[in-house]
Protein chains: 2
Amino acid sequence: MANSQAATLDRSFVAVAHPLRRTILERLAEGELTVGEATHDFPVSKPAISKHLRVLEEAGAIVRVIDGRTHRLRLNGASLEEAYAWLARQRALWERKLDVVEEFLKEQEDGA
Amino acid sequence: MANSQAATLDRSFVAVAHPLRRTILERLAEGELTVGEATHDFPVSKPAISKHLRVLEEAGAIVRVIDGRTHRLRLNGASLEEAYAWLARQRALWERKLDVVEEFLKEQEDGA
DNA sequence: TTGACTGTTAGCCATATGGTTAACAATACG
DNA sequence: CGTATTGTTAACCATATGGCTAACAGTCAA
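First, a word on what this report is: a plain description of the structure on this page. (Residues numbered from 1 in each chain as written. Chains lettered and ligands numbered in written order. Predicted model: local features only at pLDDT ≥ 70, side-chain atom pairs only at ≥ 80, totals over all residues. Heavy atoms only, no water.)

### As for the protein's contact with DNA strand D
Taken together, 20 residues are adjacent to DNA strand D, and S45, K51 and H52 of chain A together with S50 and R64 of chain B come closest. The protein-proximal atoms of DNA strand D, defined as those within 4 Å of the protein, are 56% sugar or phosphate. Residue G36 of chain B places a main-chain N or O atom 2.9 Å away from a phosphate oxygen belonging to DNA strand D. Mapped by element, the contributors of at least two residues to the surface near DNA strand D are α4 (46-58) of chain A together with α3 (35-39), α4 (46-58) and β3 (70-75) of chain B. If you tally residues by element for the surface near DNA strand D, the top one is α4 of chain A, at 4 residues. Grouping the constituent residues of the surface near DNA strand D by class yields 5 nonpolar, 9 polar and 6 charged. (Near = heavy atom within 4 Å. Polar contact = N/O pair within 3.5 Å; in protein donor to acceptor, adjacent residues only side chain to side chain. Helix = DSSP H or I, 4+ residues; strand = E, 2+ residues; numbered from the N terminus. Nonpolar A, V, L, I, M, F, W, Y, C, P; charged D, E, K, R; others polar.)

Now the structure itself:
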């Protein structure tokens, strides 16, 4: 269970670790798009794009609806929630530590 | 320039895309640790750990201070800030369409 | 029906990733 | 000194990743 959760997180972070895949997600945040609309200006071949889409889909980051000969892509916001939560928690811990250090330094200044 | 920024983001996301590396970062959030302290219970060899540390270091996620024969590792909170910001922004955009996300959350609740 | 359009699969290639064992370097300690 | 401890590098292996071309599948439209 904890293992499969970790695997989900792995896939999510891998999904956003490539600039083209991030661009796709950014564009889908504006709304549903077809594959062509989302990637027409990408400097790679169609098969390469197809592979990136599969990575995003298997990470659960996007959902595909086949509509005639085009595939409409939709963002699945919930899927990246876990990844966001991990970074947010890590960030909170780090900031708390910074606050503690800051407080300590301030006390030193005031006291000494 | 925008390219190198993307490359930085790439490295950051790659850094947190492996469970052992995330565990290292989680433990370092509690404070500075030596390599052994941070990874003594990891089910992999020392060279494997060494490689993970290098990934984290090159992503700027950690800083290493060689102290005698041990290496003390420290979290570099700022380095993951960019990654956090990307996810946070993406999350803000999709939250704007919460009606769409709601469907998935309800599905998750019902399913689990 | 013929052809154009949208996108995927199959197969290939180069490089990256994640792991291993063996050997090494540097430090600490008896 | 000799030896244990901490961690790295070197060399190797299997698999994954990211790209390509060629070929295909399905849909739309003339």
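### Examining the packing of helix α2 (residues 19-28) of chain B against α4 of chain B
All names here are of chain B. As a packed pair, α2 and α4 sit with axes 10 Å apart at the nearest point and diverge in direction by 65°. Classified by the interaxial angle, the pair formed by α2 and α4 is roughly perpendicular. The two elements α2 and α4 cross, and the hand of that crossing is right-handed. Contact with α2, carried on its side by L20, R21, I24 and L25, involves H52, L53, V55 and L56 of α4 and no other residues of that element. Classifying every residue of the contact of α2 with α4 gives 6 nonpolar, 1 polar and 1 charged. (Axes fitted to C-alpha atoms, helices over the stretch in contact; angles between N-to-C directions. Parallel < 35°, antiparallel > 145°, perpendicular 65-115°, else oblique. Left-handed = near helix turned anticlockwise from the far one by under 90°. Contact = heavy atoms within 4.5 Å.)

### Focus on the relation of the copies chain A and chain B
For the pair chain A and chain B, the relating rotation is 180°, the translation along its axis is 0.0 Å, and the fit reaches an RMSD of 0.1 Å. Taken together, the rotation and translation relating the two chain copies correspond to the operation of a two-fold axis. The fraction of interface residues of chain A whose copies in chain B are also interface residues reaches 91%, indicating that both copies meet through the same surface. (Least-squares fit on C-alpha atoms with pLDDT ≥ 70 in both.)

### Focus on the packing of aromatic side chains
A full pass over the atoms with the stated rule returns 4 aromatic pairs over all chains. Aromatic side chains F13 of chain A and W86 of chain A sit 6.1 Å apart centroid to centroid with 80° between the ring planes, which places their arrangement in the edge-to-face category. Separated by 73 residues along the polypeptide, F13 of chain A in helix α1 (residues 2-15) and W86 of chain A in helix α5 (residues 77-111) bring together distant segments of the chain. Each member of the pair F13 of chain A and W86 of chain A is classed as buried. Residues F13 of chain A and F13 of chain B carry aromatic rings whose centres are separated by 6.3 Å and whose planes lie at 25° to one another, so their mutual orientation is stacked. In this pair, F13 of chain A is assigned in helix α1 and F13 of chain B in helix α1 (residues 2-15), connecting two distinct chains. Like F13 of chain A, the residue F13 of chain B is buried in the burial classification. Among the aromatic residues, those joined into a cluster by ring pairs are F13 and W86 of chain A together with F13 and W86 of chain B. (Phe/Tyr/Trp six-rings, centres within 6.5 Å; stacked < 30°, edge-to-face > 60°. Buried < 20%, exposed > 50% of the residue type's maximum accessible area, 1.4 Å probe, protein only.)

### Some thoughts on the environment of D67 of chain A
Along the chain, the position of D67 of chain A falls in strand β2 (residues 62-67). In this structure, the C-alpha to C-alpha distance between D67 of chain A and T34 of chain A, residues 33 residues apart in sequence, is 9.2 Å.

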